[in-house]
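What the coordinates show
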Amino acid sequence: MRFFNTAGMASGSASASEGGFGSTAAPGSAPESAFPSGSAPTGPVRWQKIVLELKVIGAAQSYDKVKAQALEQTATYALACGAEEAHILIFDRDKTRGWRQHVFDDEGEHAGVRMRIWAM
């Protein structure tokens, strides 16, 4: 799992003990081991928890059905980890629909969690 701070710097694979989710590091700080050599930020670090759910659908599946399942699943993840944002990416592999039908954005909500949906 990779984590990014608000400056967009990857922290590599971080476990809870290394500043990942459930970290015991003090708020606004991160252990040096969480950053690649020479890339540790000099100021305070703000970790951002974001859930990204990926779905792949084909001709036999309905967008609305996949959306409903994804909203429920993603909300569960977001609530479990205290995520600040949640996004769903849906890749539509149905070759009978054109790009204008494939590429769009949508929104949804489940269990009080608002999510942005990106279809492509």
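Here the structure is shown first, and the text comes after it.
Residue numbers restart at each chain and count upward from 1, following the sequence in its written direction. Local features in this predicted model are restricted to residues whose pLDDT is 70 or higher, and side-chain atom pairs enter the listing and the counts only when it is 80 or higher, whereas totals over whole chains, interfaces and linings include all residues. The side-chain numbers reported here are obtained from all heavy atoms of the structure, hydrogens and water having been left aside.

**Some remarks on the overall build of the chain**
The condition is simple: Strands here are runs of E lasting at least two residues and helices are runs of H or I lasting at least four, both read from the DSSP assignment and numbered beginning at the N terminus. Exposure classes here rest on a 1.4 Å probe applied to the protein chains alone. A residue is buried below 20% of its type maximum, exposed above 50%, and partly exposed in between. The contact definition used throughout considers only heavy atoms, calling two residues in contact when any of these lie within 4.5 Å.
Tallying secondary structure elements over the chain gives two helices and six strands in all. In the chain, the succession of helices and strands from N to C terminus is β-β-β-α-β-α-β-β. Considering the chain as a whole, with its 120 residues, one finds that 31% of them fall into the buried category. Sequence separation of at least 24 residues holds for 57% of the intrachain contacts in the chain that already meet a minimum separation of 6.

**What to know about the pairing of strand β5 (residues 104-110)**
Within a regular strand, side chains alternate between the sheet's two faces. As a reminder of what qualifies: At least two DSSP bridges between two strands are needed for those strands to be called paired.
Judged from the seven bridges that link them, β5 and strand β6 (residues 113-119) form a sheet pairing that is antiparallel. Following the sheet pairing, glutamate 109 is matched in β6 by arginine 114. The turn joining β5 and β6, which pair antiparallel and follow one another in sequence, is formed by two residues; a positive phi near 55° is taken by alanine 111.

**Observations regarding the nonpolar core**
Stated formally: Buried Ala, Val, Leu, Ile, Met, Phe, Trp, Tyr and Cys residues form a nonpolar core when they are joined through side-chain atoms within 4.5 Å.
The biggest cluster of nonpolar side chains holds 14 residues, and the ones touching the most others in it are Ala86, Ile88, Ile90, Val113, Met115 and Ile117. When residues of this core are traced back to their parent elements, those giving at least two are β3 (50-57), α1 (63-81), β4 (85-92) and β6. For this core, the leading source of residues is α1, giving six residues. Once residues within four sequence positions are removed from consideration, methionine 115 is found in contact with Leu71, Thr74, Ala75, Ala86, Ile88, Asp106, Glu107, Gly108, Glu109 and His110.

**Side note on unusual backbone geometry**
Phi angles above zero are rare outside glycine, and alanine 111 is one such case at about 55°. Locating alanine 111 in the fold gives a position in the loop between β5 and β6. On the basis of relative accessible area, alanine 111 is assigned to the exposed category, the value being 56%.

**A short note on the packing of aromatic side chains**
Filter applied, for reference: For this analysis, a ring pair means two rings from Phe, Tyr or Trp (six-membered ring only for Trp) whose centres lie within 6.5 Å, classed as stacked if their planes differ by under 30 degrees, edge-to-face if by over 60, and tilted for the remaining angles. The rule for a charge over a ring is simple: NZ of Lys or CZ of Arg within 6 Å of the ring centre, and within 35 degrees of the ring normal.
In total, this model carries one aromatic pair according to the counting rule given. The aromatic ring of tryptophan 118 is capped on one face by arginine 116, whose charged end is 5.0 Å from the ring centroid.

**A word on the side chain of aspartate 92**
Applied cut-off: Any pair of nitrogen or oxygen atoms within 3.5 Å is treated as a polar contact; in protein, a donor-acceptor pairing is required on top of that, and neighbouring residues in sequence qualify only through side-chain atoms on both sides.
With respect to the element layout, aspartate 92 can be found in strand β4. Note on aspartate 92: relative accessible area 15%, which makes it buried. Within the local environment of aspartate 92, its side chain forms a polar contact with the backbone nitrogen of aspartate 94, the two atoms lying 2.9 Å apart. Not counting chain neighbours up to four residues away, the residues in contact with aspartate 92 comprise Ile57, Arg97, His102 and Met120.

**Topic: the sheet that holds β5**
The criterion, for reference: Inter-axis angles, ranging from 0 to 180 degrees, are taken between N-to-C directions of lines fitted to C-alpha atoms, where helices are fitted over the stretch in contact.
The mixed open sheet is built from four strands, whose spatial order is β3-β4-β6-β5. Taken across any chain shown, the strands that pair with only one partner, and hence form the sheet edges, are β3 and β5. Strand-to-strand twist across the sheet, computed as the mean angle between neighbouring axes with direction ignored, equals 25°. Taken together, the four bridges between β4 and β6 define a ladder with parallel strand orientation. Paired with leucine 89 across the strands is tryptophan 118, a residue of β6.

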